[in-house]
Amino acid sequence: VNKDSSSSSSGFSMILLPTLLFKFTIVMCVKFATDIVVFPLLWLYRLARMCKRKVLRGIGNLFGGKKKEDDINGSKINGDGGL
């Protein structure tokens, strides 16, 4: 079978290439727009959560809140029966 060099496929379609590039561009634009919205909100959420913990810890210390001696970083020691 003799094939003409002008009719052979080079691995991609000239019709598909612009369509796929356009789709890729749209997907990347949506990704960057999502990142612009999500990352500052995530940072603000973490900052608010940290401030809340510090304020509540400060209020607890102000009114005589104290750690029990059997607590390590706020978690109970294994085997503690709560007595």
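Residues numbered from 1 in each chain as written. Predicted model: local features only at pLDDT ≥ 70, side-chain atom pairs only at ≥ 80, totals over all residues. Heavy atoms only, no water.

(A) The overall build of the protein, seen in detail. Counting its secondary structure elements, the protein contains one helix and two strands. Along the chain direction, N to C, the helices and strands of the protein fall in the order α-β-β. Counting the 83 residues in the protein, one finds 0% classified as buried. (Helix = DSSP H or I, 4+ residues; strand = E, 2+ residues; numbered from the N terminus. Buried < 20%, exposed > 50% of the residue type's maximum accessible area, 1.4 Å probe, protein only.)

(B) Representation of a nonpolar patch on the surface in the model. Where nonpolar side chains cluster on the molecular surface, the patch consists of Ile36, Val37, Val38, Phe39, Leu41, Leu42, Trp43, Leu44, Tyr45, Leu47 and Met50 and spans about 1,100 Å² of accessible area. Mapped onto the fold, Tyr45 is located in helix α1 (residues 16-62). (Patch = residues over 30% accessible without salt bridge, like charges linked within 9 Å, V, L, I, M, F, W, Y side chains within 5 Å. Areas by Shrake-Rupley, 256 points an atom, 1.4 Å probe, with all protein chains shown as cover. Salt bridge = Lys/Arg side-chain N within 4 Å of Asp/Glu carboxyl O.)

(C) Fine view of the pattern of salt bridges. Under the defined criterion, the tally for this structure stands at one salt bridge. Ionic pairing is found between Asp35 and Lys31, a salt bridge with its closest N-O pair at 2.7 Å. Here the residue Asp35 and the residue Lys31 both occupy positions in helix α1, the gap between them amounting to four residues, near one helical turn.

(D) Spatial organisation of α1. The end-to-end C-alpha separation of α1 is 68 Å, in line with the 69 Å expected for 47 residues at 1.5 Å each. Following α1 by one or two positions, Gly64 adopts a phi angle in the positive range, close to 85°. (Expected span 1.5 Å × (residues − 1).)

(E) Summary view of a positive patch on the surface. There is a patch of like positive charges on the surface, built from Arg46, Arg49, Arg53, Lys54 and Arg57. Take Arg49: it is sitting in helix α1. (Lys, Arg positive; Asp, Glu negative; His and termini not counted. Charge placed at Lys NZ, Arg CZ, Asp CG, Glu CD.)

In short, the description is geometric, and any link to function would need to be established separately.
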